[in-house]
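Chain by chain, the residues:
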Amino acid sequence: GAGVSQSPSNKVTEKGKDVELRCDPISGHTALYWYRQRLGQGLEFLIYFQGNSAPDKSGLPSDRFSAERTGESVSTLTIQRTQQEDSAVYLCASSPFSPSEQYFGPGTRLTVT
Amino acid sequence: AQSVTQPDIHITVSEGASLELRCNYSYGATPYLFWYVQSPGQGLQLLLKYFSGDTLVQGIKGFEAEFKRSQSSFNLRKPSVHWSDAAEYFCAVGITGGGNKLTFGTGTQLKVEL
């Protein structure tokens, strides 16, 4: 079946602009996660959605970052007023329930110039 | 807060040789433990996981890992490495009761010499 998909695959933006990243999880997966991977580093947890529960936003680095998820489908991660330190690969993962293994998408590479 | 340490940033092995990648974690309870592999241009692929039970777990591609509570370790092993195993390997810890959001190590880059 189809895996987790993310779009765009690459995004170059100017400092100060807003960007929106999209994640389509595996159908039927109730849990969805966003992570950030800076160059040469491991992944950092950003936010977690589980069904209709309130999201766990404990990993968001600043109030410029926000995310939404409609039901158990697509999620968008929005970064407002982008900064150069936001340059990273943003990875989305979904899992059929929690706890369970997470299935990762290919990521969106964000470059802020 | 939980943390994961992968002490080896780079490892080079010859094809056919055995491999062990180290992972140590810090967490107050028994964690969920994972190993993922990331090849260039590819997403993260799960190699194996530990939730409970048998402390020696088998994964895909001939990999195995052993959970040692006394050493807070979850080292990844493979008896004979293939050139296609060259990639970056990440160990991760999931919080029990915390939605299983993962904390990752910084990764170990594996190079395989032919």
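Heads up: the structure comes first, above all this text.
Residues numbered from 1 in each chain as written. Chains lettered and ligands numbered in written order. Predicted model: local features only at pLDDT ≥ 70, side-chain atom pairs only at ≥ 80, totals over all residues. Heavy atoms only, no water.

Colleague: Explain the layout of surface pockets to me, please; I cannot follow it from the model alone.
Modeller: Think of a ball as big as a water molecule: rolled over the atoms, this probe shows where empty space is left. Size it by volume and the largest pocket reaches roughly 520 Å³. Those elements giving two or more residues to the lining of the largest pocket turn out to be β8 (88-95) and β10 (108-112) of chain A together with β10 (87-94) of chain B. The leading source of residues in the lining of the largest pocket is β10(A), at four residues. Each residue belonging to the lining of the largest pocket can be placed in one class, and the counts come to eight nonpolar, 15 polar and three charged. (1 Å grid on protein atoms, 1.4 Å probe; cavity = no way out; pocket = protein on both sides within 12 Å on 5 of 7 lines; lining within 4 Å. Points joined across faces, edges and corners; volume = space filled by probe spheres on them. Helix = DSSP H or I, 4+ residues; strand = E, 2+ residues; numbered from the N terminus. Nonpolar A, V, L, I, M, F, W, Y, C, P; charged D, E, K, R; others polar.)

Colleague: Where do I start with unusual backbone geometry in this structure?
Modeller: A negative phi angle characterises most non-glycine residues, just as the trans form characterises most peptide bonds. Residues and elements named next belong to chain A. For the peptide bond that leads from S7 to P8, omega is -10 degrees, which places it in the cis range. Tracing the backbone shows P8 in the loop between β1 (5-7) and β2 (10-13). Notably, R81 is not glycine yet its phi reads approximately 45 degrees, a positive angle. Mapping R81 onto the fold places it in the loop between β7 (75-79) and β8.

Colleague: Sorry, what's going on with the interface of chain B and chain A here?
Modeller: In many reports, interface size means the accessible area that the parts give up when they come together. Facing the 17 residues of chain B at the interface are 20 residues of chain A. Each partner contributes to the roughly 1400 Å² buried at the junction of chain B and chain A, and carbon and sulfur atoms together form 57% of this total. The interface formed by chain B and chain A holds two salt bridges in total. A salt bridge links A:D56 to B:K101; its shortest N-O distance comes to 2.5 Å. Linking chain B with chain A are five residue pairs in polar contact (both at pLDDT 80 or more), by the criterion used here. Elements with a contribution of two residues or more to the side of chain B that touches chain A: β5 (32-38), β6 (44-50) and β11 (102-104) of chain B. (Contact = heavy atoms within 4.5 Å. Buried area = accessible area lost by both parts, 1.4 Å probe. Salt bridge = Lys/Arg side-chain N within 4 Å of Asp/Glu carboxyl O. Polar contact = N/O pair within 3.5 Å; in protein donor to acceptor, adjacent residues only side chain to side chain.)

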